[in-house]
Amino acid sequence: MALERTLSIIKPDAVAKNVIGQIYSRFEGAGLKVVAAKMKHLSRREAEGFYAVHRERPFFGALVEFMISGPVMIQALEGENAIAKNRELMGATDPKKAEAGTIRADFADSIDANAVHGSDAADTAAVEIAYFFSSTELCPR
Ligand code: RTP
Ligand code: MG
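Bear in mind that the values here come from a model prediction, so they are computed numbers and not experimental data.

A. Expanded view of the overall build of the protein chain. Each helix and strand in the protein chain was counted, giving seven helices and four strands. Taken from the N to the C terminus, the helices and strands of the protein chain come in the order β-α-α-β-α-α-β-α-α-β-α. Relative to the 2.2 N^0.38 estimate, which gives 14 Å for 141 residues, the radius of gyration of the protein chain is 14 Å and therefore close to what a compact globule would have. Residues classed as buried in the protein chain amount to 45% of the 141 residues present. Taking contacts inside the protein chain between residues at least 6 apart in sequence as the whole, the part at least 24 apart equals 77%. Taken as a whole, the protein chain presents about 7,200 Å² of accessible surface, with 54% of it coming from carbon and sulfur. Each charge class in the protein chain was averaged separately, 17 positive and 19 negative side chains, and the resulting centres sit 2 Å apart.

Right, dumping it as structure tokens:
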């Protein structure tokens, strides 16, 4: 096991449902520490850049519209195996397929409005954390 960092976003649907604290509790319960955080209403440009890897996918337009529909809560999480651990806490992309007790099973409404984002690998985690946070905004704990 390695100490890792991952980028997490609480998406507009979950912010609107006022469950930021409940989702943070899941992170803390799994031993993940918040080492940077900011609330932000993403611009179209920021959302398109963040999800650039999906630019050619049929759902890209809807994904960007959703991500700019309201403020999001963005955090860098640190812990042993943080990337996989956060993905486990999140559950499957489609909440209908997400395991009971996961964030998406409990808080997401649809595959489009699915409550949270989490980096999927070490290389994407590094790029995504740097996309939103400068090195001085990361607070090792
Ligand atoms: P995320 O990047 O947001 O953490 O989600 P993920 O890894 O579980 O899923 P990904 O494949 O990276 O897709 C990014 C987001 O695009 C939307 N999506 N819609 N309609 C569809 O088939 C479809 N597939 C993906 C989801 O909102 C997903 O979170
Ligand atoms: Mg993804």
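B. A look at the UniProt feature "domain: Nucleoside diphosphate kinase-like" (unreviewed entry) in the protein chain. In the numbering used here, UniProt assigns the feature "domain: Nucleoside diphosphate kinase-like" (unreviewed entry) to residues 3-140. Summarising residues 3-140: 40% helix, 20% strand, and an end-to-end C-alpha distance of 11 Å.

C. Region of interest: the site of ligand 1. Near ligand 1, the surroundings consist of 14 residues, among which K11, Y51, T93, I111 and H117 are the closest. K11 is positioned with one of its side-chain polar atoms (N or O) 2.8 Å from an oxygen atom of ligand 1. Contact between ligand 1 and H54: an oxygen atom at 2.9 Å from a side-chain N or O atom of the residue. With the chains in place, 79% of the 560 Å² that ligand 1 exposes on its own is no longer accessible. Elements that contribute at least two residues to the shell around ligand 1 include exactly helix 5 (82-90) and strand 4 (116-118). Its residues assigned to classes, the shell around ligand 1 comprises five nonpolar, five polar and four charged.

D. Inspection of the side chain of S119 at higher detail. Residue placement: S119 occurs in the loop between strand 4 and helix 7 (122-132). For S119, a relative accessible area of 0% corresponds to the buried category. In this structure the side chain of S119 is engaged in a polar contact, spanning 3.1 Å, whose partner is the backbone nitrogen of L7. Setting aside residues up to four positions removed in sequence, S119 forms contacts with T6, L7, I83, R87, T124, A125 and E128.

Parameters at a glance
Residue numbers here run from 1 along each chain, matching the order of that chain's written sequence. Labels follow written order: the first chain is A, the first ligand is 1, and so on. The predicted nature of this model means local features are confined to residues of pLDDT at least 70 and side-chain atom pairs, given and counted, to a pLDDT of 80 or more, with totals for whole chains, interfaces and linings taken over all residues. Each side-chain value is derived from all of the structure's non-hydrogen atoms; neither hydrogens nor water enter the calculation. Numbering of helices and strands runs from the N terminus, with a helix taken as a DSSP run of H or I at least four residues long and a strand as a DSSP run of E at least two residues long. For the radius of gyration, the atoms used are the C-alpha atoms, and the globule rule reads 2.2 Å times the number of residues raised to 0.38. Relative accessibility thresholds used throughout: buried, under 20% of the residue-type maximum; exposed, over 50%; partly exposed, between the two (1.4 Å probe, protein chains only). Residue contacts are defined here by distance: any two heavy atoms, one from each residue, within 4.5 Å place the two residues in contact. Residue-level accessible areas treat just the shown protein chains as cover; the underlying method is Shrake-Rupley with a 1.4 Å probe. In this charge count, Lys and Arg are treated as positive and Asp and Glu as negative; neither His nor the chain ends contribute. Note on charges: their place is set at NZ of Lys, CZ of Arg, CG of Asp or CD of Glu. UniProt positions are given in the numbering used here, feature names are shortened, and annotations may be inferred rather than shown by experiment. One heavy atom suffices: a residue is near a molecule or strand as soon as one of its heavy atoms comes within 4 Å of it. Contacts described as polar in this section are N or O atom pairs within 3.5 Å, which, within protein, must combine one atom able to donate a hydrogen with one able to accept it, while residues neighboring in sequence count only if both atoms come from side chains. Residue type decides the class: Asp, Glu, Lys and Arg count as charged, Ala, Val, Leu, Ile, Met, Phe, Trp, Tyr, Cys and Pro as nonpolar, and the leftover types, Gly among them, as polar.

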